[in-house]
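Secondary and tertiary structure notes
Read off the chains here:
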Amino acid sequence: MTDSGVVGTCLDDARGFKLVRMNEAIPAPSDLLLPDDPAQSLDVIAVGAHPDDVESACGGTLAKMVRQGYRVGIVDLTDGEPTPHCPDVETRMSESVQAAKCLGVHARIQLNLPNRILMDGFVPRIALARQFRRFRPRIVIGFGQKTPMASPDHWQAMQITDAAVFYSRLCRWDEHFGGVPVHAVARQLYFRLAFEPDVMPGESHHLIVDIGDCLEQKLASITTYDSQFAHKPKIAERVRAAALVTGSQAGCWAGEAFASAHPYSVSDLVKTVMNL
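A brief structural summary. (Residues numbered from 1 in each chain as written. Predicted model: local features only at pLDDT ≥ 70, side-chain atom pairs only at ≥ 80, totals over all residues. Heavy atoms only, no water.)

**Some remarks on the overall build of the protein**
Basically, it comes down to this: Note on conventions: DSSP H or I runs of at least 4 residues are helices, E runs of at least 2 residues are strands, and numbering of each starts at the N terminus. Throughout, the radius of gyration refers to the C-alpha atoms, and the reference size of a globule is 2.2 Å times the residue count to the power 0.38. Residue exposure (1.4 Å probe, protein chains only): buried if accessible area is under 20% of the type maximum, exposed if over 50%, otherwise partly exposed. By the convention used here, residues are in contact when the closest approach between their heavy atoms is within 4.5 Å. Note that accessible areas follow from Shrake-Rupley with a 1.4 Å probe, and for residues the cover is restricted to the protein chains shown. Within this scheme the basic residues Lys and Arg register as positive and the acidic residues Asp and Glu register as negative, but His and the chain ends are omitted. Every charge is mapped to an atom, namely NZ of Lys, CZ of Arg, CG of Asp or CD of Glu.
For the protein, the count of helices and strands is 8 helices and 12 strands. For 276 residues, the compact-globule estimate of 2.2 N^0.38 gives 19 Å, and the protein sits close to it at 19 Å. In the protein, which comprises 276 residues, the share counted as buried stands at 49%. Excluding contacts between residues fewer than 6 apart, the proportion of contacts in the protein whose partners are at least 24 apart in sequence is 79%. Total accessible area computed for the protein in this model is approximately 13,300 Å², and 56% of it derives from carbon and sulfur atoms. When the 27 positive and 32 negative side-chain charges of the protein are each reduced to one mean point, those points stand 4 Å apart.

Set out below in structure tokens:
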């Protein structure tokens, strides 16, 4: 399924503005999991290139935010298929829904962009920005670095997410958003996959979230992807070990590392630094 639209044609409107219309179709998203009240906004959206990216990178943090009463969603840019050990797309989608339920998140949306050849461009940017306007998150979390020797889709996902955060707040662009009001994302964080270095080069503002009480949920969500990990020995033990190393740097049992796109302020330094 696709939306109609026009990309690549530049026209002048009555006000003299240049309009870009789409002649490349935007795939219709798949709503795999929705809140009980679909009209209610989300506090946080995490964006991955493929189902299982978010679970590996920040599954413990998402589970913890749900426990704390925040409304959390996941957007997967592609279905992640084909892969060597998955029989079909339906299997991967079923696994992703079960993983989302393990974490307790409220929404999971799949944008149906192409796996393996995912490229930053106008269509993916608009497709993701539409979800930001739809769910109106305060915080967006996504890829923060290249992942050498792994999928190049991850790097493209970072660029798409950066652009979509910007596009979401642009006014006078109603023709691409069906009249859905603009939305300004307040904060953007970058994650890294479980086995990547905790410190992201070029990013100066890092933090570690204590996920000690949610580590088992993270591991359960990852091992739900039988098609991706059943053939990889001791994957849960490896992810656990990585989380313990990350947490040890911050004095907690297990942790997940993030970088902030911009500095942010705190109102109580002692409570923040001492994790009170």
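That covers the picture; the talk isn't over yet.
**Topic: the pattern of salt bridges**
Counted only if it meets this: What makes a salt bridge here is a side-chain nitrogen of Lys or Arg within 4 Å of a carboxyl oxygen of Asp or Glu, nothing more.
By the definition in use, this model includes 12 salt bridges. The closest approach of N and O atoms between D52 and R92, which form a salt bridge, is 3.2 Å. Note that D52 is positioned in the loop between strand 6 (44-48) and helix 1 (53-67) and R92 in helix 2 (residues 89-103), a separation of 40 residues in sequence. Just as D52 is buried, R92 falls in that class too.

**Looking at the sheet that holds strand 7 (residues 72-78)**
Applicable threshold: When DSSP finds two or more bridges between two strands, those strands count as paired. Here an angle of 0 to 180 degrees is reported between the N-to-C directions of two axes, which are lines fitted to C-alpha atoms, with helices fitted over the stretch in contact.
Taken in spatial order, the 8 strands line up as 5-8-7-6-9-10-12-11 in an open sheet, and their pairing is mixed. This sheet does not close on itself; its edge strands, each paired only once, are strand 5 (30-33) and strand 11 (206-210). Across the sheet, the mean angle from the axis of one strand to that of its neighbour is 25°, orientation sign disregarded. Two strands pair when backbone bridges link them, and strand 10 (residues 187-191) and strand 12 (residues 255-260) are joined in this way by 3 bridges, in the antiparallel orientation. Pairing of Y190 across the sheet is with A259, part of strand 12.

**What about the nonpolar core?**
The condition that has to hold: We call a set of buried residues a nonpolar core when its members are Ala, Val, Leu, Ile, Met, Phe, Trp, Tyr or Cys and they connect through side-chain atoms within 4.5 Å of each other.
Among the nonpolar cores identified, the biggest contains 67 residues, and L62, L77 and L128 are the most heavily contacted of them. Counting residues per element, this core draws most heavily on helix 3 (residues 122-135), which supplies 8 residues. In contact with L128, other than residues within four places in its own chain, are V47, V75, L77, L111, I160, T161 and A164.

**Focus on unusual backbone geometry**
Cis geometry is adopted by the peptide bond preceding P82, which originates at E81 and carries an omega value of 10°. Structurally, P82 can be placed in the loop between strand 7 and helix 2. In this structure, R172 takes a positive phi of about 60° despite not being glycine. Mapping R172 onto the fold places it in the loop between helix 4 (153-168) and strand 10. A relative accessible area of 55% means that R172 is categorised as exposed. Located in the positive-phi region is K234, a residue other than glycine, with phi close to 60°.

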